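Residues per chain, in single letters:
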Amino acid sequence: MLPSQDINLPYKTIKKREQNIFSQEPTPLICLTNVGFGGLGGVPQPIVEAFLEKYEGYIKVIMTLGKPFCFVWFSSAEYATAFKNTLDYKPSPELSNKHLFIEFANPEILQTSNFSTNDVADVPGLTYIDDFITEEEEATILENAQNFSSWEVVKNRFVKHYGWTYDYKKFHAGLQLEQGFPSYINPILDRFYALPVGKLSPKLNQLTISHYPIGAGIPPHCDSHTAFYDTILLVSLASSVLMEFRSGSKMRILHLRRRSLTVLQRDARYGWEHAIRLRKSDLLPSGELLERQVRVSLTLRRIQESPNCNCSFPNLCDRNKIISSQDKA
Ligand SMILES: O=C(O)CCC(=O)C(=O)O
Ligand SMILES: [Fe+2]
């Protein structure tokens, strides 16, 4: 018998979203739903491994990032079947009483989709630099960003714009502001323009400071192609967080540490969506739990005064379609 509707729901969602993972025939690869780093998962790898090692034929576990399931290799389809028959639909005391929903997985899936990588090297145009901002600079910015309660509220975060406003309803540049950037931005921009990737950048003239209360995030989105030029800078302050990058079935996770700089250019800017999940902590691949703090970020871009785009990513481009406001940040 199937467990109650509530317990079964995450499993059903995975089955619907990730249909190509599962195999009707027994295989040596098991997909263990409800156990992973993402959303409902949250079980650290060492705990999953200690649990699995008791089962005959177990070889290794492949954790996925940002998804509530993991893969388990057995030495044969028979061992995998025995494991499934013993545990399917059962709550597991060693894994915080989570119900295990066990399916055979199609081994090819591990070649065609990379669920487990934290390596963003294959996202062309994505640059990540640790310690780009000094502790003193961070302290100055945070001091100036203290009175955020009067800022514009966008979903669950607070934002303030400099240079130009941004219209979150129309997804377009709003008004040019008389007040330019705060002075603390200048040395940061000078350092960026001196980098090899900075040399390719237009002069950035729009700054959004975002204040994320603990647990807040930003839905998957690609910044409006027509509103901004190539090159988007994301400066992370006060808290680390995981950012998800998606392009079709590909997903990559980047750990944005406090005082880091992330640069989105080319494919990373036009062809991948980025998002921060709504949650109070993030689980790193090492199993380390990262308790989020309030996070402040700087987003720096250049406004396109005559909106247009000729990118090769029509699915994410707003040049000739009105994009549902739900999907945009
Ligand atoms: O907070 C961040 O680092 C990301 C902000 C962002 O994606 C945006 O403002 O479009
Ligand atoms: Fe964005």
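Refer to the structure presented above.
Presented here is a report on the structure given in the accompanying data block. (Residues numbered from 1 in each chain as written. Chains lettered and ligands numbered in written order. Predicted model: local features only at pLDDT ≥ 70, side-chain atom pairs only at ≥ 80, totals over all residues. Heavy atoms only, no water.)

### Describing the coordination of the iron ion (ligand 2)
- Coordination of the iron ion (ligand 2) by the protein comes from His221 (NE2), Asp223 (OD) and His274 (NE2), over a distance range of 2.1 to 2.2 Å.
- Every donor residue of the iron ion (ligand 2) comes from the same chain, spaced as H-x1-D-x50-H. With a gap of 51 residues between them, Asp223 in the loop between strand E12 (218-221) and strand E13 (232-237) and His274 in strand E17 (residues 273-276) connect regions that are remote in the sequence. The burial state of Asp223 is the same as that of His274; both residues are buried. (Donors = N, O, S within 2.8 Å, 3.2 Å for Na, K, Ca; no water. Helix = DSSP H or I, 4+ residues; strand = E, 2+ residues; numbered from the N terminus. Buried < 20%, exposed > 50% of the residue type's maximum accessible area, 1.4 Å probe, protein only.)

### What to know about the pattern of salt bridges
- Counted under the stated rule, the structure contains 12 salt bridges.
- The network of salt bridges with common partners includes Asp131, Glu135, Glu138, Arg258 and Arg259. (Salt bridge = Lys/Arg side-chain N within 4 Å of Asp/Glu carboxyl O.)

### Regarding the sheet that holds strand E6 (residues 126-129)
- Taken in spatial order, the 7 strands make up an open sheet running E6-E16-E13-E20-E11-E8-E7, and their pairing is antiparallel. Sheet topology places E6 and strand E7 (152-154) at the edges, where each strand pairs with a single neighbour. When the angles between neighbouring strand axes are averaged without regard to direction, this sheet yields 25 degrees.
- In this structure, E13 lies alongside strand E20 (residues 295-301), joined through 5 bridges in antiparallel fashion. Within E20, the residue paired with Leu234 across the bridge is Thr299.
- In the packing of helix H6 (residues 185-194) onto the sheet, contacts are made with strand E11 (206-212), E13, strand E16 (261-264) and E20, and the angle to E20 comes to roughly 60 degrees. (Pairing = 2+ DSSP bridges. Axes fitted to C-alpha atoms, helices over the stretch in contact; angles between N-to-C directions. Contact = heavy atoms within 4.5 Å.)

### Comments concerning the nonpolar core
- Core analysis: the biggest nonpolar cluster contains 25 residues, and Phe192, Ile209, Leu233 and Leu298 have the highest contact counts within it.
- Ranked by size, the runner-up nonpolar core spans 18 residues in total, among them Leu87, Leu95, Leu100 and Phe104. (Core = buried A, V, L, I, M, F, W, Y, C linked by side-chain atoms within 4.5 Å.)

### Considerations on helix H2 (residues 45-52)
- Looking at H2, one finds that the buried residues are Val48, Phe51 and Leu52. The buried residues of H2 all sit within an arc of 95 degrees when viewed along its axis, so they share a single face.
- The secondary structure elements touched by the buried residues of H2 are strand E1 (29-33), strand E2 (58-63), strand E3 (69-74), helix H3 (77-87), strand E4 (90-92) and strand E5 (98-104). (Arc of directions from axis to C-beta.)

### With respect to the sheet that holds strand E15 (residues 250-256)
- In spatial order, the strands read E12-E17-E14-E15; together these 4 strands make up an open sheet with antiparallel pairing. The sheet terminates laterally at E12 and E15, the two strands that pair on one side only. Strand-to-strand twist in this sheet, taken as the mean axis angle between neighbours without regard to direction, amounts to 20 degrees.
- Looking at chain direction, E12 and E17 are connected through 2 bridges and run antiparallel. What sits directly across from Ile218, in E17, is Ile276.

### Quick word on the site of ligand 1
- Taken together, the neighbourhood of ligand 1 is formed by Tyr212, Ile218, His221, Asp223, Leu234, Met243, His274, Arg295, Ser297, Thr299 and Arg301.
- With respect to ligand 1, the side chain of His221 contributes an N or O atom lying 3.1 Å from an oxygen atom.
- Contact between ligand 1 and Thr299: an oxygen atom at 3.4 Å from a side-chain N or O atom of the residue.
- Residue assignment for the shell around ligand 1 shows that the elements contributing at least two residues are E12 and E20.
- The residue inventory of the shell around ligand 1, partitioned by class, reads 4 nonpolar, 4 polar and 3 charged. (Near = heavy atom within 4 Å. Polar contact = N/O pair within 3.5 Å; in protein donor to acceptor, adjacent residues only side chain to side chain. Nonpolar A, V, L, I, M, F, W, Y, C, P; charged D, E, K, R; others polar.)

### Side note on the packing of aromatic side chains
- Under the defined criterion, the tally for this structure stands at 10 aromatic pairs.
- Plain terms: the ring middles of Phe69 and Phe71 are 5.7 Å apart, the flat faces sit at 75 degrees to each other, and that makes the pair edge-to-face. Pair check on accessibility: Phe69 and Phe71 agree, each one buried.
- What links up through ring pairs into an aromatic cluster is the set Phe51, Tyr55, Tyr58, Phe74 and Phe83.
- Over the aromatic face of Phe132 sits the side chain of Arg191, whose NZ or CZ is 5.1 Å from the ring centroid. (Phe/Tyr/Trp six-rings, centres within 6.5 Å; stacked < 30°, edge-to-face > 60°. Lys NZ or Arg CZ within 6 Å of the ring centre and 35° of its normal.)

### Let's talk about the side chain of Arg295
- Topologically, Arg295 is positioned in strand E20.
- There is no salt bridge for the buried Arg295, and the closest opposite charge comes from Asp282, which lies 8.5 Å off by N-O distance.
- A polar contact is formed between the side chain of Arg295 and the side chain of Ser236, at a distance of 2.8 Å.
- If we skip the residues at most four places from it in the chain, Arg295 touches Ser210, His211, Tyr212, Ser236, Leu237, Ser239, Val241, Leu256 and Ile276. (Lys, Arg positive; Asp, Glu negative; His and termini not counted.)

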